[in-house]
Amino acid sequence: MSRIKKIAVLGAGLMGHGIAEVSAMAGYEVKMRDIKQEFLDKGMNMIKDSLQKMGAKGKLKEPVDKILSRITPVLSLEEAVKDADLVIEAIPEIFDLKVQTFKECDKYAKPDCILASNTSTMSITELSKATNRQDKFAGLHFFNPVILMRLVEVIRGQNTSEEVMKILVEFVKSLGKVPVRVEKDVPGFIANRIAAPTSVLLLGIYEKGVATPEEVDAKMKSMGQPMGPFELMDYVGIDTQYHILKYYEKTIGPDYKPPEFLEKMVKENKLGAKSGKGWYDWSAGRPQIDLSKASEKVNPMDFMFVEINEAVKLVEMGVATPQDVDTALKLGYNRPFGPFELARNLKDVEIAARLEELSKFYGKEIFKPAKTLKEGKLAKMFEKFGYT
Ligand code: 3HC
């Protein structure tokens, strides 16, 4: 029997409301905390709308009201966490804000309460240092929309205990989701880290005028991706993307510095779906991307090569196995294939050659090929991990 019964979710935004919703659906008592009543009201409305959609399709085991009655919106942090067995933080991606919040959680939560962060990128070890319970601190990284995406990354900080990792893996399964253990705490973990250089490539394509966001999105959608990559950036939030890039710039390197136009979009409140405008106009719902705009100027293989490259680097660093990488990308981003499933049908030296060209054209070191690709040793890597 799991010792997790009561959950506190900090933040009622895009991720927080979804985490509260799936936890309540799985039978947990949830307190959802935000700093303003209007944020709580908005979060509760999003949960209600989403549950009604699910209910109408017969996908709920209980009536909407019963599930909703398990979620209590609160403004006080102390009230939210004081009797929780697990706290899941889903506040904005600002390191100092998270540190301050975790300090308060540590003060008010029960000694055996587990603290988890839904951060998209940040070091779990560094965040855990805000508390006196580093062994009971881990990453629990959900994907947007939480209700539909099956992956949850369970991230071990340097001091996270194995017992806590096991409890969180079981918790994720109890939500009906698929846990992937991330054994090394690197910026971006698995799925987001692999997608990180792709955002740099996208912003480069836009900045250099290679193609417009719609031309890129039309091309990628016509290749079977559920959303175009610019549409997805809007869906996740331009502010979130901006904070993520700032963090990577600091922790991985200067190639990730967010371009000025992205900062301007944040300042002008062009945050994507949540503010009604980003790359696209969302005021009437999801943008209608005109697939006839798919442009030959966009080479979909470039996106794949950049992802394969980062995936190989992660395996070289010992963060994950090729199998886990494929699972993470397929379930975290709803992709039909994982990067290694694609790579095994390609020639590694050809991938490396194109990566050299991209690195030169965009002036980015991060596109330079990983050692394994450069040396033509991908098959050896697969062999080592029994990847067939
Ligand atoms: N609640 C309940 N149901 C919902 C819903 C919600 N919040 N959102 C969508 N749905 C339902 C729709 O009603 C629809 O139901 P129907 O098939 O019965 O009509 C169904 O889901 C599919 O929705 P749509 O028809 O609107 O559109 P799609 O077929 O494109 O599916 C999607 C939507 C699942 C979001 C799909 O576009 C997708 O997989 N996109 C990629 C998402 C992704 O990559 N997420 C990861 C982002 S990165 C991240 O989160 C990490 C973080 O750290 C930044």
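Here the residue numbers are simple positions, counted from 1 along each chain's written sequence. Local features in a predicted model are, by the rule used here, given only for residues with pLDDT of at least 70; side-chain atom pairs are given and counted only at 80 or more, and totals for whole chains, interfaces and linings are based on all residues. In computing side-chain values, all of the structure's heavy atoms are included and hydrogens and water are not.

Brief notes about the overall build of the protein chain
Per the secondary structure count, the protein chain includes 18 helices and eight strands. In summary, the protein chain has a C-alpha radius of gyration of 21 Å against a globular reference of 21 Å for 388 residues, a match within 12%. For the protein chain, the proportion of its 388 residues judged to be buried stands at 57%. Look at the contacts in the protein chain between residues 6 or more apart in sequence, and 71% of them connect residues 24 or more apart. Just so you have it, the protein chain exposes about 17,200 Å², and 52% of that area is on carbon and sulfur atoms. His is not counted here, nor are the chain ends, while Lys and Arg score as positive and Asp and Glu score as negative. In this description, the location of a charge corresponds to atom NZ of lysine, CZ of arginine, CG of aspartate or CD of glutamate. Computed over 58 positive and 55 negative side-chain charges, the separation of the two mean positions in the protein chain equals 2 Å. Helix numbers and strand numbers start at the N terminus; a helix is a DSSP run of H or I with at least 4 residues, a strand a run of E with at least 2. When we talk radius of gyration, it's over C-alpha atoms, and the globule rule is simply 2.2 Å times the number of residues to the 0.38. For every residue, the accessible area obtained with a 1.4 Å probe (protein chains only) is divided by the maximum for its type, and the residue is called buried under 20%, exposed over 50%, and partly exposed between those limits. The contact rule is simple, with two residues in contact once any of their heavy atoms fall within 4.5 Å. Each accessible area is a Shrake-Rupley estimate made with a 1.4 Å probe; only the visible protein chains count as cover when residues are assessed.

A look at the domain arrangement of the protein chain
Interfaces are often sized by the amount of accessible area the parts lose when they come together. An automatic or database domain assignment is the source of the domain bounds shown. Once the domains are mapped, the protein chain shows domain 1 (6–182), domain 2 (211–293) and domain 3 (300–384). Inter-centroid distance (C-alpha atoms) of domain 2 to domain 3 is 23 Å. In this assembly, ten residues from domain 2 lie in contact with eleven residues from domain 3. For any pair of parts, buried area is found by adding up, for both, the accessible area (1.4 Å probe) each one loses once the two are put together. Taking both partners together, domain 2 and domain 3 bury about 880 Å²; carbon and sulfur atoms supply 69% of that area.

Examining helix H13 (residues 300–316)
Take the residue count of a helix, subtract one, and multiply by 1.5 Å to get its expected span. Here H13 spans 25 Å end to end across 17 residues, near enough to the 24 Å set by a 1.5 Å rise per residue. Under the rule applied, a polar contact is a pair of N or O atoms within 3.5 Å (in protein, one hydrogen donor and one hydrogen acceptor; residues adjacent in sequence only if both atoms are side-chain atoms). With a side-chain oxygen lying 3.0 Å from the backbone nitrogen of Met-301, the N-terminal cap of H13 falls on Asn-299.

Quick look at the nonpolar core
In terms of nonpolar packing, the biggest core is built from 89 residues, with Val-81, Val-87, Ile-190, Val-216, Leu-262, Trp-279 and Phe-340 touching the most fellow members. Sort the elements by how many residues they give to this core and helix H8 (residues 191–207) lands first, with nine residues. Discounting chain neighbours no more than four positions away, the residues touching Leu-262 are Leu-203, Ile-238, Gln-241, Tyr-242, Leu-245 and Trp-279. We call a set of buried Ala, Val, Leu, Ile, Met, Phe, Trp, Tyr and Cys residues a nonpolar core when their side-chain atoms join them within 4.5 Å. Judged by nonpolar contacts, the second largest core, of 42 residues, contains Ile-4, Leu-68, Val-152 and Ile-167.

A few points about the pattern of salt bridges
In what follows, salt bridge is the name for a side-chain nitrogen of Lys or Arg lying within 4 Å of a carboxyl oxygen of Asp or Glu. A full pass over the atoms with the stated rule returns 34 salt bridges. Of the charged contacts, one joins Glu-268 and Lys-264 as a salt bridge, the two residues approaching to 3.4 Å between their closest N and O atoms. Between Glu-268 and Lys-270 there is a salt bridge, with the nearest N and O atoms lying 3.2 Å from each other. Overall, Glu-268 belongs to the partly exposed group, its relative accessible area being 39%. One continuous salt-bridge network, built from bridges that share partners, spans Lys-6, Lys-31, Glu-79, Lys-82 and Asp-83.

Some words on the site of the ligand
Near is defined per residue: the residue qualifies when any heavy atom it owns lies within 4 Å of the molecule or strand. Within the structure, the ligand sits among 22 residues, and Ser-50, Ser-120, His-141, Asn-144 and Arg-286 are positioned closest to it. For the ligand, an oxygen atom lies 2.7 Å from a polar atom in the side chain of Asn-334. For the ligand, whose accessible area on its own is 1,100 Å², the fraction buried by protein is 70%.

Side note on the pairing of strand S4 (residues 86–89)
Looking along a regular strand, one sees side chains alternate from face to face of the sheet. Judged by which residues are buried, S4 turns out to be covered on both faces: Leu-86 and Ile-88 on one side and Val-87 and Glu-89 on the other are all buried. The pairing criterion is simple: DSSP has to find at least two bridges between the two strands. Across four bridges, the pairing between S4 and strand S5 (residues 114–117) is parallel. When the sheet's bridge partners are listed, Ile-88 is paired in S5 with Ala-116. As a crossover connection, the stretch from S4 through helix H5 (residues 95–108) into S5 is right-handed. Look down the strands so they point away from you; if the path from the first strand over the helix to the second goes clockwise, the crossover is right-handed.

What to know about the sheet that holds strand S8 (residues 178–182)
The strands that make up a sheet pair up through hydrogen bonds in the backbone, lying either parallel or antiparallel. Read from one edge of the open sheet, eight strands run S3-S2-S1-S4-S5-S6-S7-S8, paired in mixed fashion. Of all strands in the sheet, those with a lone pairing partner are strand S3 (71–74) and S8, marking the two edges. Averaged over all pairs of adjacent strands, the angle between strand axes in this sheet comes to 25 degrees, irrespective of strand direction. Only the contacting stretch of a helix is used when fitting its axis, a line to C-alpha atoms as for every element, and angles between N-to-C directions run 0 to 180 degrees.

Things to note about the side chain of Ser-128
Take Ser-128: it is sitting in helix H6 (residues 124–128). Relative accessible area serves as the criterion here: at 3%, Ser-128 is assigned to the buried category. A polar side-chain atom of Ser-128 sits 2.7 Å from the main-chain carbonyl oxygen of Thr-125. Non-local contacts of Ser-128, meaning those with residues more than four positions away in its chain, are made with Gln-134 and Phe-137.

Points about the packing of aromatic side chains
Here a ring pair, both rings aromatic, is described through the centre-centre distance and the interplanar angle of the planes. Pairing of aromatic rings covers Phe, Tyr and Trp, the last counted by its six-membered ring, and requires centre-to-centre distances within 6.5 Å; plane angles under 30 degrees mean stacked, over 60 mean edge-to-face, and any other angle means tilted. Tallied over the entire structure, the rule returns 14 aromatic pairs. Here Tyr-235 and Trp-282 contribute two aromatic rings whose centre-to-centre distance is 6.4 Å and whose plane-to-plane angle is 25 degrees, an arrangement assigned as stacked. Taken together, the residues Tyr-235 in helix H10 (residues 229–236) and Trp-282 in the loop between helix H12 (260–267) and H13 connect sequence positions 47 residues apart. An aromatic cluster is present here, built from Tyr-206, Phe-230, Phe-261 and Trp-279 joined pairwise through their rings.

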